[in-house]
Amino acid sequence: MKSTLRRYIPLLKDYKLQYFFVLFGIILVVGATTATAHIMKPLMDDMFIKKEESMLLIIPLGLIGIYAIKSLGRYIQSVSTAYIGGSVIARLRDMLLAKMIALDLEYLYKNRSGEMISRITSDADRIRYFVSNMLPDLIQESLTVVGLVGYVIYLNPTLAFYSLVLLPLTIYPIVAISKKLKKYSHRSQSKNADVTSKLTEVFNNCEIIKANESQSFEAKRFSQLNWQSFKINMKQIYVGEIVSPVMELVGAAGLAAVIYFGGREVYNETMSVGEFSAFLTAVGLVFQPLRRVSSIYSKIQDALAASERVFMVLDTKNSIKDGTKTLSEDIKNIKFKNVKLRYNDSYALNGINVELKQGQKIALVGDSGGGKSTFINMLLRFYDPHEGSIEINGEDIKNFTLKSLRSHISLVTQRVYIFSDTLASNVSYAQDIDKKRVELSLKLADASGFVAELEDGIDTKMEEFGVNLSGGQRQRIAIARAIYKHSSLILFDEATAALDNESEKRIQKAIDEYTKDKITITIAHRLSTIQNADVILVMQQGRIVGSGTHKELLESSVIYQRLSGELDS
Ligand SMILES: Nc1ncnc2c1ncn2[C@@H]1O[C@H](COP(=O)(O)OP(=O)(O)OP(=O)(O)O)[C@@H](O)[C@H]1O
Ligand SMILES: [Mg+2]
């Protein structure tokens, strides 16, 4: 618990002014609460017993004054703590997202997106609730307890002992309950993540769900998770809510003791009625904040569990380590040296040796699962080889900073990513927008035609995932994006699968000229693409089983003969 809380110290440091306000507010509240008990003494002794008429005015006015101070204190304190809590969580969320998108692709693939979203939203929210609502309450109520207990002891130490003797006995059950609660919190938060994950899955796959009329199937699966989450939340509540009634009973016992022992002292005239009333009120008031403190203590477990989940992400180490050298010149030469890569147990690449040079157009062909996409992803360091190495311009790519390495590479995949922004910003993605260059890129990608028909041209707003575009249009935008980047290595992973033969040929012709001083690696399913390639690599079960031009391979490779027979012409 301590080590988790210590992680917040750097985040909690910068709020000196707010802390001052919180403290000021708390002092007002604690002072006013103790005064509420104290006012009982003149109320009884001076107003009722001595019948001083002026008290009839002074006491009610005093009471209003006390409550005015208390309310003011509470307001100052609440807004200041909400400020601290809200801003700490906003910072935590910034940190989380920045960390998450910097994590290894492998990690992001393994963890469902809903799980990640739930860390940033609901876990962070549980922490916020704790920091802005419970933490200040905890401080304020604890101080109130201290203030009132002090006052009670000051009034009558013996009586204070009898009325508060049971208190220490409540500590053990509260600690035991808290432990249980933390376990439930962890479970409830991970169930919550399941619910979010299911939601993201459903909304990302809405087409498939509708096409299969599986709405009720999905609704049922969601409902299952939803109610499981409800059940575990209820368990948390069944256990957590025990704390409050237990404290209430102890409180009643304390009051009973005051009445029994204190009543005797009033009969024996060792205590005035006013003192007795003040005492009774103070003990009654002690138990209210005490009940809050103990129930907050048990709820802290929820925030602790959420914190542990959040810090677990923040502590995750990347296995892909950033290099230190900047790759400043164009990629002129790529060398795979006996590269092997395993996913789990089987080899996706199994001893790849190949050299590629500036100006070459390379095509990768092979059966599905042969390792073609893996080959391409290795160049971006989505994965590092388990054996062997990859060199660019004679330097191991691990030595380059990821940023500089990736700035020289364009990747276009079959799955096209469109952001909800204008067409121009989608093409120039994350770089400055140069409209001329955008238009030129679109032209090379054979997209000028459809862009001209759009109402706002390149300033047209794209919907999320590009739903307002056809598959081919999306793919053209992705190709334009790759061209806009001015990379020296261009990777096409089935980048033209959604295009018809004619447009594919047009694009190819247009970018042939553009790519003549670059390295292009294309995973292709069309004979026409391959025929033009300078080198064709045939990949089978993680190995390169043939390489050469179309003509050479037709003569030398049986596998290639079969593959090219299967390709679209
Ligand atoms: N993220 C991953 N985790 C585990 N295994 C993977 C992963 N990605 C690919 N594989 C496995 O590695 C092998 C090579 O996959 P790869 O995607 O490189 O094939 P491919 O040649 O691109 O196939 P396709 O033509 O179907 O796209 C396959 O057997 C696949 O199951
Ligand atoms: Mg592939």
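Residues numbered from 1 in each chain as written. Chains lettered and ligands numbered in written order. Predicted model: local features only at pLDDT ≥ 70, side-chain atom pairs only at ≥ 80, totals over all residues.

J.: Any chance you could explain the environment of methionine 462 here in plain terms?
T.: Along the chain, methionine 462 turns up in the loop between α18 (448–453) and α19 (471–484). On the basis of neighbour count, methionine 462 is assigned to the buried category, with 20 C-beta atoms found within 10 Å. In the structure, methionine 462 is positioned 42 residues away from serine 420 in sequence and 5.2 Å away in space, judged by C-alpha atoms. When near neighbours in sequence (up to four residues on either side) are disregarded, methionine 462 contacts Ile418, Ser420, Asp421, Thr422, Leu423, Asn426 and Asn468. (Helix = DSSP H or I, 4+ residues; strand = E, 2+ residues; numbered from the N terminus. Buried ≥ 20, exposed ≤ 12 C-beta atoms within 10 Å, placed from the backbone. Contact = placed C-beta atoms within 7 Å.)

J.: How should the environment of leucine 5 be read in this particular structure?
T.: Mapped onto the elements, leucine 5 comes out in helix α1 (residues 2–6). A sequence separation of 302 residues divides leucine 5 from serine 307, and the C-alpha atoms of the two residues are 8.4 Å apart.

J.: Would you explain the domain arrangement of the protein in this entry?
T.: Many analyses report the size of an interface as the accessible area lost when the parts associate. Per the domain assignment, the segments of the protein are domain 1 (2–314) and domain 2 (333–568). One C-alpha centre belongs to domain 1, the other to domain 2, and the line joining them spans 56 Å. (Domains from an automatic or database assignment.)

J.: Looking at this structure, how should I read the sheet that holds strand β6 (residues 409–412)?
T.: Backbone-to-backbone hydrogen bonds pair the strands of a sheet. The strands run either parallel or antiparallel. Across the sheet, six strands lie side by side as β6-β7-β8-β3-β9-β10; this open sheet has mixed pairing. Looking at which strands have only one partner, the edges of the open sheet turn out to be β6 and β10 (543–548). Taken pair by pair, the neighbouring strands of this sheet meet at an average axis angle of 15°, ignoring direction. Direction of pairing for strand β9 (residues 535–540) relative to β10: antiparallel, over a ladder of five bridges. For methionine 539, the partnering residue across the bridge sits in β10 and is isoleucine 544. Sheet strands in contact with helix α23 (residues 558–566) are β3 (361–366), β9 and β10, and its direction is about 95° off that of β9. (Pairing = 2+ DSSP bridges. Axes fitted to C-alpha atoms, helices over the stretch in contact; angles between N-to-C directions.)

J.: Explanation requested: the pairing of strand β7 (residues 489–493) in the structure shown.
T.: With five of its five residues buried, β7 lies for the most part within the structure. Here β7 shows two buried faces, one formed by Leu489, Leu491 and Asp493 and the other by Ile490 and Phe492. With four bridges connecting them, β6 and β7 associate as parallel partners. From the neighbouring strand, valine 412 faces β7, where its bridge partner is phenylalanine 492. Bridge count between β7 and strand β8 (residues 519–523): five bridges; the pairing is parallel. Bridging from a neighbouring strand, leucine 489 pairs with isoleucine 519 of β8. Handedness of the crossover is the feature at issue here: the chain leaves β7, passes through helix α20 (residues 501–514), returns alongside β8, and the resulting connection is right-handed. (Right-handed = clockwise from strand over helix to strand, strands pointing away.)

J.: Would you explain the site of ligand 1 in this entry?
T.: The environment of ligand 1 is made up of Tyr109, Tyr343, Asn344, Ala348, Gly366, Ser368, Gly369, Gly370, Gly371, Lys372, Ser373 and Thr374. The dominant element in the shell around ligand 1, judged by the number of residues it contributes, is helix α14 (residues 372–379), at three residues. Class assignment for the residues of the shell around ligand 1 results in three nonpolar, eight polar and one charged. (Near = placed C-beta within 6 Å. Nonpolar A, V, L, I, M, F, W, Y, C, P; charged D, E, K, R; others polar.)

J.: How should I be thinking about the sheet that holds strand β4 (residues 387–392) in this particular structure?
T.: The sheet built from four strands is open, its strands ordered β2-β1-β4-β5 with antiparallel pairing. The open sheet terminates on both sides in strands that have one partner only, identified here as β2 (346–357) and β5 (395–396). The pairing of strand β1 (residues 333–343) with β4 spans five bridges and is antiparallel. Residue pairing for β4: phenylalanine 336 is matched across the bridge by isoleucine 390. On the sheet, α14 packs against β1, β2 and β4 and is oriented at approximately 60° with respect to β2.

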